[in-house]
Every structure is written in C-alpha cells, then in structure tokens.
Amino acid sequence: MAPHEPRILLVDDDANLLVFLAEQLKSDGFEVTTARDGVEALKRLESAWPDLLIVDMMMPRLDGLSLARQVKARADLPIIVLSAVDAGDSKAEALEEVAEDYITKPFHYPELRARIHRVLRRVGDRVPAGRLQLDPGLVLDLQRRRLVLDGVEVRLTPVESRLLYALAANLGQVVPTETLLARGWSETESPDPSYAWVTMRRLRRKLERDPDHPVFLETVRGVGYRLNRLTASSG
Amino acid sequence: MRRLSLQGRLLAALIAAGIVPVVAFAALTFLLVGGALSSRQADDLAAISRLAANQLVGAPLDAATALRLAETTAGDATLFGPGGVFLASSDPDLGVPAPPDAVQPGSEPVVVTRAGLVTAYAAIPSGAGVVAISQPQATAPALAVALLATLTVGVVLALAFGPALSRTLVSPLTRMTATLDRLQAGDLSARLPVTGDDEVSRLAASHNRLADALAARNRSLALVSHAVASLSPRDGVAALVATAEGAAAEAFGFTSVRVRLFGPDGPPPGATDADTGERVPGEAFEVTAPLAVGEDRVGVLVATQVPTREWGEADEDLLHIFGVQLGAAVRNAELFDAVEGLAELKAEFLRGVSHNLQTPLTSIRAFATQLATETGDRRLGIIVEQSDRLSRLVSQLLTVSKLEAGTLRPEVDVFALPPLVQRVWESLGRGEHAFTLRDEATGWLAAADRDWVEQIVWALLDNALKYGGEGTIEVTVALDPAAPTLVTTVRDHGPGIAHEDHERVFERFTRLPAGSGDGSGLGLSVARGLAEAMGGRLETVPPGDEDGGTVFALRLPAERIEEG
C-alpha cells in the first residue's frame, strides 16, 4: 500500500452529498478532493492522480460511465460508481466493465467505507488487471466477473470473483479461510467459515472439469485454499 | 358407352380406310366388267343364231339337226316351227320359251336373258321356223375370287400392321402424357424429345418451353421464399432493405433493384403504383412492385430487367407477392425499432426517476443520521425511517418494472438464513412485538441473492406486523430434503386470509381487506417476483392447526455445509 493516506477523488453533482461524504471520508483518514461533474473531474486528474475514484453515475455534462471509460483508457485507476441503478439494469453490465465496484443509492456510509477498503486492498493484491490463464482451456477474467472454460463463458458472482481475486493474488500459495471470509464477505456481519466452504464447492462446479477431483482450486484441509496454474508441461 | 381409346379409334379408322375403297372398287369393277361381259355374249349369240338360221334353210327341223347345231355352236339349240310351235331341242329340259313375236324372217335376232340362260332367237329366212341358241349366262367367277382374296389380304394386313402403325402415331402423345404427369407430380426436369418439325415436335417444343418457364418461376419462387424467410425484423430496416434488394436481383434476374421507403406519411403526393412501363423490344425495361401492408403503402420496389428475359404475368404476380412480404417485414422492423426505442426510453426514464429521487434521499438520510447521533433527537429517527420507506417504495416500483421486462438477474451468494431473518426483524424496530425464530435446518445454507431475500423477508415481517394483530410472529427455517430447499415460514396469528384470496395477496396494489393499511400494495407482489427470479417460490400455506392466522412459505435453493 502507498505510504501516504489513500487519496480519493469524489465526483457527484449533488452538493449536499458531496460535502457529507467528503467529511465522513476525511474523518476516516482519507485524503479527499471533490468535483461537481465529469469535466471538472478530468481537470482535477490533470493536476493530481488519486488512488481511487468515486463517481456518481448520472451527472450533467459528462456522465459517470463515460468518465470511467475515459479514465480507464488513460490508466488503471480503481473506480467505485455510485448509482441508483442496481444489478438488474441494462447499464449494470457496461458498468461492471469499467468499474471495480458499484454501490446502489441510497447507501449507508459504512457500506461504502467497506467497499473502498476492499477495492484498495484488491489493488494492493496486484492481480494482473487483464486475464489470468490457468491452463490452455481456462481463463479467469475477473475484471468482467467471468471465466472462460474450454470456450464456454461462465459468469461469476461478486463474491466468487472477490475470492478468486484473493486466491489469484497468491497464485500457488495457500490462502487461509479467514482471509477469504474477510475478502468475500467484508460487509456481512459475522460470516461463517461454512460460507467459504460452500462457495468454493460452487466455484469448482464452474471452473473445474471434474468438480469431484479439483486441480485448479485445491483444499488445504483445516487451513484454506490454493489456486493453481497448470502449465502446458505439467498437464 | 365408353369411348374407344385413341389407339383403338385410329385402328378402326385405318381398317375402314383400307377396306372401304377396296370393297367399293371391287363392287364397281364387278358391275362394269359383268355388264360388258353379258352384252358381248348377247352379240355373239345373236350372230351365231343368224348364221344357224341361214344354214337351216331347206334343212329338216328335227332333233338331229338340233343336236348338230348344239355341237357347232357350243350351246343348246332349240327349233320352233311357224307360230312358235316347239319342234325339237338338243336339251329338251332347258324349257326354252317360245320365240317372241318380234322374231320374223328378215328381222334382227332377239336376245332374251332369263333365269341365268341367254337365248338368241333368229328366224329362218325361208319362214320355216325359228332357231334359238341358248347358253348359260356368262359370269366372272375368277374375278370374284380375285376380289375376295384382295379383300382378305387387305383386312389381314390392316389387322397385322394397323396396331403397330397406330402405335407409332399415338406413342408421341403417350410420351407427352407421361411427361406432363411427371411435371404435374413436381418433376420440373421432365422434357420431351424434339425431333423433326412435325406437329407433334412443335407441340413437344412448346411444352418444353412451358416447363422451362415453370422451372424458372419455381426457382424464382424458391429464392423469393428463402429471401423472405431470411428477413428478420431484428436486423433493422436498412439491413432488411439491403437483403431484399439482393434477394430480388437474384430471384428475378434484375440488373438493378432499388427499394424506396415512403416513411410514416405514406407515398409522396402524385406517386402511384406505377405499372410496368411501356416495353420496347430489345431494350431493358423497368418493373415496379408496391410494398404494401393492407391498404398502406410502405414503399415501392423499382427494378430494371434485362431485355432478353421473358417477363410474364406470372413473374409480375410473383414480384407482387414479394413486395407484399417485404412490406410486412419492413413494417415489422419499423415497429420493432419503435418498441426497442420505447423500452430503452422507459429504462432511461426509470433510471432518471430513480436517480433524482434517491440522490436527495441519500442526503436526507445521511444528515439525519449524523444529526441524530449528535443531538439524540428522536424526531430525526423518524426522518431516517420515513426516508428509508420512501426510497424502498421507489426501488419497489423500479423492481416491478424490471420484473415485467424480465431483466432482473440475481447475484447468488450463500448465507445462513436465520441470522438474516433476525437482522431484518431488528431493522424493523419493533422489539416490543412478540417474535420467535426457530432454526430446523442447521448444516444448510441458502443459495440466493442476499439483498433480494432481505427484501422478501422484510415484506413478510412487515406484512405480519401490519395485518397479524398482537399475536406472536413465528418464523421457522426448515429443510425440504427432496429438492433440497430451505423453507422459511412466517406465521402471524391475525384474522388470516380467506381461502379465495390466497393468490390475490400476491397481485399488485392489492390490500386486504380492500383499502386497509398504509402499504403500497407492492410488497408481496415484488417479493414473489424476486423469489421466482432466483429459482425460489413464495406462497401462502394453511396454518395446520386451530389457531388460525396467515402463513407465508418462502422456498429457496439450499446448499449443505461441508468443508472441502
């Protein structure tokens, strides 16, 4: 993680919310700059590059989605989108492609804070932003929350992709179950280890060719899980 | 009576044509030759009888003389005395009648033919009597035999060669019939051999041209049908028109095809369904077809046809059909575009409404929460509570519209149900109300969209609080191992729901009893929609005991807890 306080650029056309969020975030130890719309945000980005961009989806002049696209085209800056749109909307998919996460209005501040932490941590994991090839037939495309197994595209749920992020960041090493719980269910009170067990079983149905004899997603009993990359030579 | 086959009739005609002239010829010959023969015999006999009469002058008129005469004349001789008195005959049985009165000395002999006997009477110049020389009438038996033989040969020949000949004549017709049958059965490759330049060949050639034209139209029709089938309204109007132009060019052999669409206002003033223009032989010509839907003119297809191509009424009809189909497809595509546009417009509108309502609510809620912690004023709690309620209503309306459009997709996660129910109960802030939660499904997690389940449970508990009276609200989470499914039942002890209303409670904007309560009437309807959208179910079930009340059962897919 960067040695300084995490810097956040907050963009929203609702001045009240902007002020409120900025205060809350500052009191939680973030360094915050604000912008009222997309054009202003691009201007801010000229002078200072933050660690995270939080942007409202609907704004005059330049909307959140277009802004996020422009930013991503320049550099891999993590983005959280605030929107009144939820996962069922047709725009949600487009949003997933450019944003690390999004949060539906109205939200509770603690939830936003949890997501900010999670996104920053994920960036710290230094997972390749693009695709991760585990064997000739299996590609993880976590940014777009999907994997492709032998040519078939399989969608991943948010929790599944978070767990795979954590595992991929430690490819070939055991990740303790507690770590996975913290990554996967950060905004859930008291997640139970059983969540990780069952989710891993469900994940194996998606990415293993034979879920009963997993090769990619291995259990290290009593400790945690390990994600393996199979090179062409080893099988 | 059945008519004879063509071949039979031809055969009969041939035989008739062969025999009738032969018979007629024979009969005529017979008559002519017969006549000539008998007149000659009469002349001969007359001459003989005159000679005999001259010789008999002074000779005795007795039987010996008669016999002698018979020998020299190769006939029979009969002698009569004056007055026709019979004297003697070489053959008395002949019964030659007495000479007619005209036979007098010095007159010409008289020839009488009677009962196959030709008799010439001549008077003896001395007046001693009359001599009669008789011969059987001359016939032509050889001629009759010859004629009969000819007739027989004619009939035999006709019978022998007639069928073959008539077959030769009929067989092209038979072949033609067979070919036409094949054609009718759908074999458009059936063609007739054309040899020579007779009537049959010309008929065959004309049939082949007909078959060619049929096959060509059939090909056109197949191409047109294929083209029409490939027109999908989803591709949009422009793609549709491009496809149609290519298809028409291929199907009809046009050198150029343009489809002009009229737009929403119909055809421009003055535009007609211009008929195919004057056709100058040897020059390319223009054909048009209206693109019509019922009475509406959607556009017009204008094409140029090469001069060598035949263009008949059937082609015109086919093009017309194509135009009608294309018109319908274009209209469908336009409507499809319009509907898609409206759907996107609706989604955009809802996004706008949602954004513009939720953004201020977020601020209101945030500041009220902040103030509440700073001042402890309980009225601020009410502001938070009511803003939550308002924002829930907005999101319910959005959910309804998305459930309708079928665009909702669950984000399935695994979680334990009882803690979730407990949390939702606490969030309702009705701690004073009696509430029990029983977990009968330890070892199992729900696999569902957590946010949606929270909404459903919230709606069920809210409903129980509003309509369930003062009694305890009982929630049980149990396992139905068959599916496996987790069944969450929420029971109140209120008046219950009348049997006929068990399904009505899930209808939108239904409040039972009618007009009661302060709910939106959307909660249960949305809850059921969400449950079904993530593979679960929500229904009412009978209470199962005498206490009454209402029981809702939420079924959700379950996962067993196992480390591995």
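Look up a bit, the structure's there.
Residues numbered from 1 in each chain as written. Chains lettered and ligands numbered in written order. Predicted model: local features only at pLDDT ≥ 70, side-chain atom pairs only at ≥ 80, totals over all residues. Heavy atoms only, no water.

Enquirer: I tried to follow the overall build of chain A on my own but got confused; where do I start?
Expert: Helix and strand content of chain A: 8 helices and 12 strands. Every one of the 235 residues in chain A was classed for burial, and the buried ones make up 53%. Considering only contacts within chain A whose residues lie at least 6 apart along the sequence, 57% involve residues at least 24 apart. Total accessible area on chain A is roughly 10100 Å²; 50% of this is exposed by carbon and sulfur atoms. (Helix = DSSP H or I, 4+ residues; strand = E, 2+ residues; numbered from the N terminus. Buried < 20%, exposed > 50% of the residue type's maximum accessible area, 1.4 Å probe, protein only. Contact = heavy atoms within 4.5 Å. Areas by Shrake-Rupley, 256 points an atom, 1.4 Å probe, with all protein chains shown as cover.)

Enquirer: Explanation requested: the sheet that holds strand E7 (residues 285-293) of chain B in the structure shown.
Expert: Residues and elements named next belong to chain B. Within the open sheet, the 3 strands sit side by side as E6-E8-E7. Their pairing is antiparallel. The open sheet terminates on both sides in strands that have one partner only, identified here as strand E6 (254-261) and E7. Between one strand axis and the next, the sheet turns by 20° as a mean value, whatever way the strands run. Sheet analysis places E6 next to strand E8 (residues 296-305), joined by 7 bridges and oriented antiparallel. The residue of E8 that forms the bridge with Phe 254 is Gln 305. Against the sheet, helix H5 (residues 237-252) touches E6 and E8, its axis set at about 150° to E6. Contacts between helix H6 (residues 313-375) and the sheet are confined to E6, E7 and E8, with E7 contributing the most and set at about 45° to the helix. (Pairing = 2+ DSSP bridges. Axes fitted to C-alpha atoms, helices over the stretch in contact; angles between N-to-C directions.)

Enquirer: Sorry, what's going on with the pattern of salt bridges here?
Expert: Tallied over the full model, the rule gives 37 salt bridges over all chains. Salt-bridge contacts for Glu 559 of chain B lead to Arg 202 of chain A; the nearest nitrogen and oxygen are separated by 2.6 Å. Remark: Arg 202 of chain A occurs in helix H8 (residues 193-207) and Glu 559 of chain B occurs in strand E15 (residues 551-560); the pair is interchain, linking two chains. Comparing Glu 559 of chain B with Arg 202 of chain A shows no difference in burial state: the two are buried. Salt bridges sharing partners connect three or more residues here, namely Arg 201, Arg 202 and Arg 205 of chain A together with Glu 559 and Glu 562 of chain B. (Salt bridge = Lys/Arg side-chain N within 4 Å of Asp/Glu carboxyl O.)

Enquirer: Even after reading the chapter, I still don't get the sheet that holds strand E5 (residues 130-136) of chain B, so can you show me in this structure?
Expert: Hydrogen bonds along the backbone pair up the strands of a sheet, which may run parallel or antiparallel. Residue and element names in this part refer to chain B. Taken together, the 5 strands give an open sheet; going across it, the order is E2-E1-E5-E4-E3, and neighbouring strands pair in antiparallel fashion. Each edge of the open sheet carries a strand with a single partner, namely strand E2 (85-89) and strand E3 (110-114). Neighbour to neighbour, the strand axes of the sheet diverge by 25° on average, direction disregarded. As judged from the 5 bridges shared by strand E1 (residues 76-81) and E5, these two strands associate in the antiparallel manner.

Enquirer: Looking at this structure, how should I read unusual backbone geometry?
Expert: Glycine aside, the phi torsion of most residues is negative, and most peptide linkages are trans. Cis geometry is adopted by the peptide bond preceding Pro 484 of chain B, which originates at Ala 483 of chain B and carries an omega value of -10°. Mapped onto the secondary structure, Pro 484 of chain B falls in the loop between strand E12 (473-480) and strand E13 (485-491). The backbone phi angle of Asp 150 of chain A is positive, close to 50°, even though this residue is not glycine. With respect to the secondary-structure elements, Asp 150 of chain A resides in the loop between strand E8 (146-149) and strand E9 (152-155).

Enquirer: For this particular structure, what's the right way to read the side chain of Asp 462 of chain B?
Expert: Tracing the chain through its elements places Asp 462 of chain B in helix H9 (residues 450-467). Looking at Asp 462 of chain B, its side chain comes within polar contact range of the side chain of Lys 466 of chain B, at 2.7 Å. (Polar contact = N/O pair within 3.5 Å; in protein donor to acceptor, adjacent residues only side chain to side chain.)

Enquirer: Got a minute to help me understand the interface of chain B and chain A in this structure?
Expert: You'll often see interface size given as the accessible area lost when the parts meet. With 36 residues of chain B at the contact, the number on the chain A side is 45 residues. Summed over both partners, the interface of chain B with chain A comes to about 3600 Å²; 51% of that surface belongs to carbon and sulfur atoms. Area buried by chain B at its contact with chain A is led by Arg 351, Arg 409 and Glu 563 of chain B, which between them contribute 19% of it. For the pair chain B and chain A, the interface holds 5 salt bridges. On the surface where chain B and chain A come into contact, there are 11 residue pairs in polar contact (both at pLDDT 80 or more). (Buried area = accessible area lost by both parts, 1.4 Å probe.)

Enquirer: Sorry if this is basic, but what is going on with the packing of aromatic side chains here?
Expert: Here a ring pair, both rings aromatic, is described through the centre-centre distance and the interplanar angle of the planes. Evaluation of the coordinates by the stated rule reveals 8 aromatic pairs over all chains. For the ring pair Phe 20 of chain A and Phe 367 of chain B, a centre distance of 5.3 Å and an interplane angle of 65° mean the geometry is edge-to-face. Taken together, the positions of Phe 20 of chain A in helix H1 (residues 15-27) and Phe 367 of chain B in helix H6 put the pair across two chains. With a relative accessible area of 7%, Phe 20 of chain A lands in the buried category. Here the aromatic rings of Phe 252 of chain B and Phe 254 of chain B are separated by 5.3 Å at their centres, their planes lie at 20°, and the arrangement is stacked. Accessibility expressed as a relative area gives 6% for Phe 254 of chain B, which makes it buried. Joined through ring pairs, the aromatic side chains of Phe 80, Phe 86 and Tyr 121 of chain B make up one cluster. A cation sits over an aromatic face here: Arg 392 of chain B above Trp 458 of chain B, 3.5 Å from the ring centre. We note Arg 528 of chain B situated over the ring of Phe 506 of chain B; from NZ or CZ to the ring centre the distance is 3.8 Å. (Phe/Tyr/Trp six-rings, centres within 6.5 Å; stacked < 30°, edge-to-face > 60°. Lys NZ or Arg CZ within 6 Å of the ring centre and 35° of its normal.)

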